[in-house]
Amino acid sequence: MLGKIILLVEDNPDHQDLVQRALRKEGVPHLCVAVKDVEEAMDFVHARGAWEERDRKLTPALVLVDLKLARSHGHEVLRTLRRDPVTRHIPAVVLTSSVEERDVAASYEAGANGYVRKEIDFDEFGRTLRSVASYWLDVNVAPEVSPRR
Amino acid sequence: MIHNSYTLAPPSAQPAGARVLTEATASGGEMGRVAAAGEAASRIRRWALGMGVFAALIGCVGMAGWVFGVEALKSVLPGAASMKANTAAAMLAEGLGLALVASGFRKFRGLVIALGGAAAAVGAFTLLEFVLGANFGIDEALARDLGKGGLRYYPGRMAPTTALNFLMLGIAIPLAGGASRTGSRVADALAIPASLIALISLIGNLFRVPADSPVTYHTTQQAVHTAAGFLALSCGALLVNAQRGALRVIAAGGSAGFMARRMLPGSLAVPIAGGLAILLGERAGWYGSQFSSAAVVVAVIAAMTAATSLLANRLAVLDARRRRAERSLERLNRQLESGVQQRTAQLSAANAELEAFCYSISHDLRGPLQTIDGFTAAALEEGGEAAKDHLRRVRSSARQMGEILERLLELSRLSRTQMKPGTVDLSALAQDVIDQIAGANPGRIVSCKVQPGLTAYGDTPLLRVLLRNLLDNAWKFTAATPTPLVEFGATGSGEYFVSDNGTGFDPDAANDRLFRPFHRLHDDPRFPGHGIGLATARRIVERHGGRIRAEGAPGKGATLFFSLSEVKPLAREDHPAR
């Protein structure tokens, strides 16, 4: 079995790399695809643009959103995900270095399902990611979604 | 580093609070003539002292009359009742007692009580003689009364009203000087009837009321100077008591005390003088008793009208003064309130900015730290060639953090450095900065236009940092443009500008985020940055009293306009509240 797809929206290539490494190191049996902004994320979901060639049968089962993207704020990513009929039920977890109360509240307001703080300690960050992935992908029961209605 | 745009008041500037105080003191001085309660109290004590001395002197005069046998000193008015020897002695004692009380020496308290008690005892025993019809032999204890002025009672015996007055005042005077509240009430209750009796006797003597009925017989039997002495003693007792007693309004500060002090002496002197004058006219045969009554009515009307209008005028003046003071107080309050509101707004803006700033710092410094920790861990794990790449990333993140901290320091220095404004050749400064940037980036060819002859009034080092930040940006965002063009110049309306034909930005996404620390609009790796440059630029422009704004569109380049205030920047620094 190939495992499920985790879509990571993160504009810093180093951090993209770090999240993927952490998931790999923790032995999370799923595939993490990194995109840099909301446009690319939607391109991936709908298999168009740079992602036209990908297997259309695969839909992300979990979206990780970095809250502070320079071009489009993370909240915008969440709102876009919630507007689109394909992605509206996909669990979205905010991944950020901020634990400001207003950020947390605004994230849930924008449609987040979870809110996780990035630890500076890489090992701890990895363990956090593993528990997030295992809850949302293995424990949680998500509705069936089809890429085209 | 946040508070520069609303700099705290320098010590040379007069804060709003000090202004308020000065004006309040000025209007307080205006009211001072009416309000000095402490001064009024000491003046009242001096009056009481004078009255005590006056009564004591009258006692001395009476004694002299008895010692040297001078009838004029005993009776003053020919044929009138004489002051008896006992009366003169008791008058001297009570006068001394009052003077001691008024002078405020606490250590003479025992003496005051002794003097008062002795006089009261003389009064009490004389009254007993009247009541019991007895003779205790006290009446001629000091001197034999041969009755040359005409005897009314037993020889040497004082009138019953005199005896009553000595009894009441002998108790009232020590009590008036005492500390107890009840004592002061009793003193008032005794001194007021005593003063009325003395007044009736005095006026009866002055008006020469014939002793032709029981009422007039008993009310006019004090000698005229005895009555005057009693009036002085009772008024003195009331005055001494004025701090707490019935007359405390005259010792009070404010317009009430002022009014009482002004009106009381007049209300005593005017009727006596007026009544006497009318009576003398009647006696001289100028008119009869009907006209006298009419004249009294006219005099009363005239006096009351005059007093009322005087009072009313005085009150009107005080009212106007108070209204003025109230208005100025109100104005000051309003000023203070708007000042407070302004400061509060500035402070909350500063707080919000500080909060946003801390938030951004923690956020932006955590990013590189995560990278450093993550790739260090990866390098440790993997080793070999891969580790080199990881460590390169670590170094780059460390350098990035260093750069952020460097820019932060620069930003904070901006707020703290003292400005030394002067005329600055902006064109030359811009050219200099462009040469520097070009020198640091030899690989790029950017055509630059600098409008010649532009000058400004400002701080050269700060303006250099401003131009460097703006031109750096222009340089950076034209990296992907085939024929990059950077321009510095001035518009017709006095704004300077730095423009480029680079990537530009989306004005909707930008709004005011552009000039806040750490807000970046680009994530393109070709345009590295930390989002501090424009925040720094804004801070410098604001310190010069100017404004900065940006215009642009995606792919169409960007233009940053800034103004440097016409007002000399130093003057602005001195008056942060304006």
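### Things to note about the overall build of chain B
Now for step 1: Looking only at helices and strands, chain B features 18 helices and seven strands.
Now for step 2: Looking at the 578 residues of chain B, the share that counts as buried comes to 42%.

### With respect to the packing of aromatic side chains
Now for step 1: Taken as a whole and assessed by the stated rule, the structure comprises seven aromatic pairs over all chains.
Now for step 2: Ring geometry for F44 of chain A and W51 of chain A: centres 4.8 Å apart, planes at 85°, overall edge-to-face.
Now for step 3: A residue is classified by how much of its surface remains accessible, and F44 of chain A, at 2% relative accessible area, is buried.
Now for step 4: Taking 6.2 Å as the distance between ring centres and 55° as the angle between the ring planes, the aromatic pair formed by F497 of chain B and F561 of chain B counts as tilted. With F497 of chain B in strand β5 (residues 496-500) and F561 of chain B in strand β7 (residues 558-562), the pair connects residues that are 64 residues apart, well separated along the chain. Of the two residues examined, F497 of chain B and F561 of chain B, each falls in the buried class.

### Points about a nonpolar patch on the surface
Residue and element names in this part refer to chain B.
Now for step 1: Residues V61, V67, F68, V70 and L73 make up a contiguous nonpolar surface patch of about 440 Å² in total accessible area.
Now for step 2: Of all the elements, helix α2 (residues 37-68) adds the most residues to the nonpolar patch, at three residues.
Now for step 3: Residue position: L73 is located in helix α3 (residues 71-75).

### What about the sheet that holds strand β3 (residues 60-66) of chain A?
Residue and element names in this part refer to chain A.
Now for step 1: The parallel open sheet is built from five strands, whose spatial order is β2-β1-β3-β4-β5. One side of each edge strand has no neighbouring strand; the edge strands of this open sheet are β2 (31-35) and β5 (114-117). The sheet shows a mean angle of 25° between the axes of neighbouring strands, direction not considered.
Now for step 2: The pairing of strand β1 (residues 5-9) with β3 spans five bridges and is classified as parallel. Paired with L7 across the two strands is V63, which belongs to β3.
Now for step 3: Taken strand by strand, helix α1 (residues 13-25) contacts β1, β2, β3 and β4 (92-96), and its axis lies near 175° from that of β2.
Now for step 4: Of the strands in this sheet, β1, β3 and β4 are in contact with helix α3 (residues 74-83), which crosses β3 at around 155°.

### Quick notes on the packing of helix α15 (residues 460-477) of chain B against helix α17 (residues 533-543) of chain B
The relative placement of two packed helices is expressed as an angle between their axes plus a distance between the axes.
All names here are of chain B.
Now for step 1: Where α15 meets α17, the closest approach of the two axes is 9 Å, and the angle between their N-to-C directions is 145°. Regarding α15 and α17, the two cross each other, and that crossing is left-handed. The residues of α17 that touch α15, namely those facing L462, V465, L466, N469, L470 and N473, are G533, L534, T536, A537, I540, V541 and R543.

### Side note on the side chain of T87 of chain B
Now for step 1: Within the fold, T87 of chain B resides in helix α4 (residues 85-103).
Now for step 2: Residues contacting T87 of chain B, with those up to four places away along its chain left out, are M158, T162, F166 and T226 of chain B.

### Describing the pattern of salt bridges
Now for step 1: Scanning all chains against the criterion turns up 26 salt bridges over all chains.
Now for step 2: Ionic pairing is found between E10 of chain A and K118 of chain A, a salt bridge with its closest N-O pair at 3.1 Å. With E10 of chain A in the loop between β1 and α1 and K118 of chain A in the loop between β5 and α5 (122-139), the pair connects residues that are 108 residues apart, well separated along the chain. Like E10 of chain A, the residue K118 of chain A is buried in the burial classification.
Now for step 3: Among the ionic pairs, E129 of chain B bridges to R157 of chain B, the shortest N-O distance being 3.1 Å.

Parameters at a glance
Residues numbered from 1 in each chain as written. Chains lettered and ligands numbered in written order. Predicted model: local features only at pLDDT ≥ 70, side-chain atom pairs only at ≥ 80, totals over all residues. Heavy atoms only, no water. Helix = DSSP H or I, 4+ residues; strand = E, 2+ residues; numbered from the N terminus. Buried < 20%, exposed > 50% of the residue type's maximum accessible area, 1.4 Å probe, protein only. Phe/Tyr/Trp six-rings, centres within 6.5 Å; stacked < 30°, edge-to-face > 60°. Patch = residues over 30% accessible without salt bridge, like charges linked within 9 Å, V, L, I, M, F, W, Y side chains within 5 Å. Areas by Shrake-Rupley, 256 points an atom, 1.4 Å probe, with all protein chains shown as cover. Salt bridge = Lys/Arg side-chain N within 4 Å of Asp/Glu carboxyl O. Pairing = 2+ DSSP bridges. Axes fitted to C-alpha atoms, helices over the stretch in contact; angles between N-to-C directions. Contact = heavy atoms within 4.5 Å. Left-handed = near helix turned anticlockwise from the far one by under 90°.

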